[in-house]
Amino acid sequence: MTFKRMLLIFQVSTTYVGTVVGAGFASGQEIVQFFTIFGSKGLLGIILSGLLFCWLGTKTLLISQRIKAASYQDLVRHICGNQLGTVFNIFIALFLLGGLCVMLAGTGSITFFYLNMPYNLGVLITAILSIFIVLYGIRGIMLANSIVVPFLTLVAVTVSCMSLFHHGLTTELLHLEADPRAFTSSWLLSPLLYTAYNMILALTLLAPMGGAINDRHVLVWGGSLGGIGLGVLAFLLVLVTLTHYPRAILEEIPMLYITKDQGLYLTIPYILVLWAEMLTTAIASLYGFAQTASRWTRFNFSYIVIITTAVAITGSQWGFGQLISFLYPLFGYISFLFMAKLALADN
């Protein structure tokens, strides 16, 4: 295998991981809401979710390559048809705008709760960087992810392993009951919803990447490794948050609460990683929404990017925890139909 092909596989897989691992994932908030809250059954849920990420991510890339997709809209219309595809594209656009609000709110929570700085300072810094990176194009987004994701993986694995070593793994983790505050009574439904709405977000970059890369081998390896990476990282975070169950459920940013036990030498790097991952998902959301809005309105792409960011800054004022607990389960239910359509589609 040539170095160029290996580098492309690396960029595809890290972009996949970086798109999904945003504010909710890296903070532990999504993991808690969708898995930890179900106790020991959350471990089974995250294994199922990891397998689905491998399968559906690779499938998305391969279908996009076959139809030469220029954007996620092309893929959605191919899978769902023109009428249903139009409905889904409108929903996805709203989802991306909501996701951008969540990412900006997450950076605001970090600066306010953990850096003792104004909430909107974090929001504005992230918003401005997102604008510059998105205006640079898809290559800039892939480059940003290839830098951030390895650093995230290293820090997340280090924090998780040290926390597990400190607290130990006991058989009690296999007998934890679900918390009554879970948004659904079915632990099996939760990983399906979690994968569904995350795949919607991943489409924004997987579809144009698949359409632009002619090498099927690269797409299969990139999608598979990205899905495996997501599954392994998420499994570690579920284990760690279960060792702090049920306290982790009550925290705004569970993983930063957990890193406090390790000291500043890990808390500060995790804050930086968490912010960087919020940034990578913010740029994916902004890119996808602006691309769609520009096509619908025929307005200049740069103009749409700036207006969208201004709207998201306003939406971010609702707060990080509130946005995730309300928007993500809702998006998961609506996204479920598209995931079923994608699963049944031919490669």
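A few points on the structure. Not measured: the values here are computed from a predicted model.

1. Considerations on the overall build of the protein chain
Along the backbone of the protein chain there are 15 helices and zero strands. Taken over the C-alpha trace, the protein chain has a radius of gyration of 19 Å; the compact-globule value for 347 residues is 20 Å, and the two agree within 12%. Here the C-alpha coordinates of the protein chain stretch approximately 50 × 45 × 40 Å along the principal axes. In the protein chain, which comprises 347 residues, the proportion classed as buried is 60%. Long-range pairs, those at least 24 residues apart, make up 84% of the contacts in the protein chain between residues at least 6 apart in sequence. Charge separation in the protein chain, taken as the distance between the mean sites of 15 positive and 11 negative side-chain charges, equals 16 Å.

2. Some details on the state of the cysteines
Applying the stated criterion across every chain yields a total of zero disulfides. Just so you know, Cys161 is unpaired, no disulfide at all, and the nearest cysteine sulfur is the one on Cys54, 20 Å from it. Cys161 gets classed as partly exposed once you look at its relative accessible area, which sits at 39%.

3. A word on the packing of helix H6 (residues 82-114) against helix H14 (residues 301-315)
Contact geometry for H6 and H14: axes closest at 8 Å, N-to-C directions at 60 degrees. Relative to H14, H6 is oriented oblique. When the axes of H6 and H14 are compared, the crossing they make is right-handed. Across the interface between the two elements, Leu97, Leu100, Cys101 and Leu104 from H6 touch Thr308, Val311, Ala312, Ile313 and Gly315 from H14.

4. Brief notes about the pattern of salt bridges
All chains considered together, the criterion is met by two salt bridges. In this structure, Arg5 and Asp215 form a salt bridge, with 2.9 Å as the shortest nitrogen-oxygen distance. Here Arg5, found in helix H1 (residues 3-20), pairs with Asp215, found in the loop between helix H9 (189-212) and helix H10 (216-243); they are 210 residues apart in sequence, far enough to count as distant. The exposure class of Asp215 is partly exposed, given its relative accessible area of 22%. One salt bridge connects Asp74 with Arg295, and the closest N-O pair in it is separated by 3.5 Å. Pair noted here: Asp74 is in helix H5 (residues 72-80) and Arg295 is in helix H13 (residues 264-297), with a separation of 221 residues, a long-range link. Note on Asp74: relative accessible area 26%, which makes it partly exposed.

5. Brief notes about the nonpolar core
Generally speaking, soluble globular proteins have nonpolar side chains that are buried together. Of all hydrophobic cores here, the largest spans 112 residues; its most connected members are Tyr270 and Phe338. Setting aside residues no more than four positions away along its own chain, Tyr270 makes contact with Ala26, Val155, Ala156, Val159, Leu237, Met255, Leu256 and Thr259.

6. Examining the side chain of Thr14
Counting through the fold element by element, Thr14 comes out in helix H1. Of the polar contacts made by the side chain of Thr14, one reaches the backbone oxygen of Gln11; its length is 3.2 Å. Those residues within four positions of Thr14 in sequence are excluded, and the remaining contacts are Asn145, Ser146 and Val149.

7. Details of the environment of Met117
Structurally, Met117 can be placed in the loop between H6 and helix H7 (119-136). Sequence separation of Met117 and Cys80 is 37 residues, and the distance between their C-alpha atoms is 46 Å. Once you skip the residues sitting within four places of it in the chain, Met117 turns out to touch Thr111 and Phe112.

8. A short note on the layout of surface pockets
Roughly 200 Å³ of volume is contained in the largest pocket. Around the largest pocket, the lining is made up of 15 residues, and of these Ser13, Thr14, Val17, Val149 and Leu225 lie nearest the centre. Going through the elements one at a time, H1, helix H8 (138-167) and H10 are the ones with two or more residues in the lining of the largest pocket. A total of six residues in the lining of the largest pocket trace back to one element, the largest contributor, which is H1. Taken together, the residues of the lining of the largest pocket break down into 10 nonpolar, five polar and no charged.

9. Notes on a nonpolar patch on the surface
On the surface, Met1, Met6, Trp221, Leu225, Ile228 and Val232 cluster together into a nonpolar patch covering about 600 Å² of accessible area. No other element matches H10, which puts four residues into the nonpolar patch. Secondary-structure assignment places Trp221 in helix H10. Given the relative accessible area of 42%, Trp221 is considered partly exposed.

10. Considering unusual backbone geometry
The backbone of Lys68 sits at a positive phi, close to 55 degrees, despite the residue not being glycine. Along the chain, Lys68 turns up in the loop between helix H4 (41-67) and H5.

11. Remarks on H7
The terminal C-alpha atoms of H7, which comprises 18 residues, lie 27 Å apart, in line with the 26 Å expected from a rise of 1.5 Å per residue. Residues of H7 that are buried: Tyr119, Gly122, Val123, Thr126, Ala127, Ser130, Ile131 and Val134. Each buried residue of H7 sits inside an arc of 165 degrees when the element is viewed along its axis, so together they form one side. Facing away from the buried side of H7 by more than 90 degrees, the exposed set consists of Phe132 and Tyr136. Phi turns positive one or two residues past the end of H7, at Gly137, with a value near 105 degrees.

Thresholds, definitions, all that
Residues numbered from 1 in each chain as written. Predicted model: local features only at pLDDT ≥ 70, side-chain atom pairs only at ≥ 80, totals over all residues. Heavy atoms only, no water. Helix = DSSP H or I, 4+ residues; strand = E, 2+ residues; numbered from the N terminus. Rg over C-alpha atoms; globule rule 2.2 N^0.38 Å. Buried < 20%, exposed > 50% of the residue type's maximum accessible area, 1.4 Å probe, protein only. Contact = heavy atoms within 4.5 Å. Lys, Arg positive; Asp, Glu negative; His and termini not counted. Charge placed at Lys NZ, Arg CZ, Asp CG, Glu CD. Disulfide = S-S within 2.5 Å. Axes fitted to C-alpha atoms, helices over the stretch in contact; angles between N-to-C directions. Parallel < 35°, antiparallel > 145°, perpendicular 65-115°, else oblique. Left-handed = near helix turned anticlockwise from the far one by under 90°. Salt bridge = Lys/Arg side-chain N within 4 Å of Asp/Glu carboxyl O. Core = buried A, V, L, I, M, F, W, Y, C linked by side-chain atoms within 4.5 Å. Polar contact = N/O pair within 3.5 Å; in protein donor to acceptor, adjacent residues only side chain to side chain. 1 Å grid on protein atoms, 1.4 Å probe; cavity = no way out; pocket = protein on both sides within 12 Å on 5 of 7 lines; lining within 4 Å. Points joined across faces, edges and corners; volume = space filled by probe spheres on them. Nonpolar A, V, L, I, M, F, W, Y, C, P; charged D, E, K, R; others polar. Patch = residues over 30% accessible without salt bridge, like charges linked within 9 Å, V, L, I, M, F, W, Y side chains within 5 Å. Areas by Shrake-Rupley, 256 points an atom, 1.4 Å probe, with all protein chains shown as cover. Expected span 1.5 Å × (residues − 1). Arc of directions from axis to C-beta.

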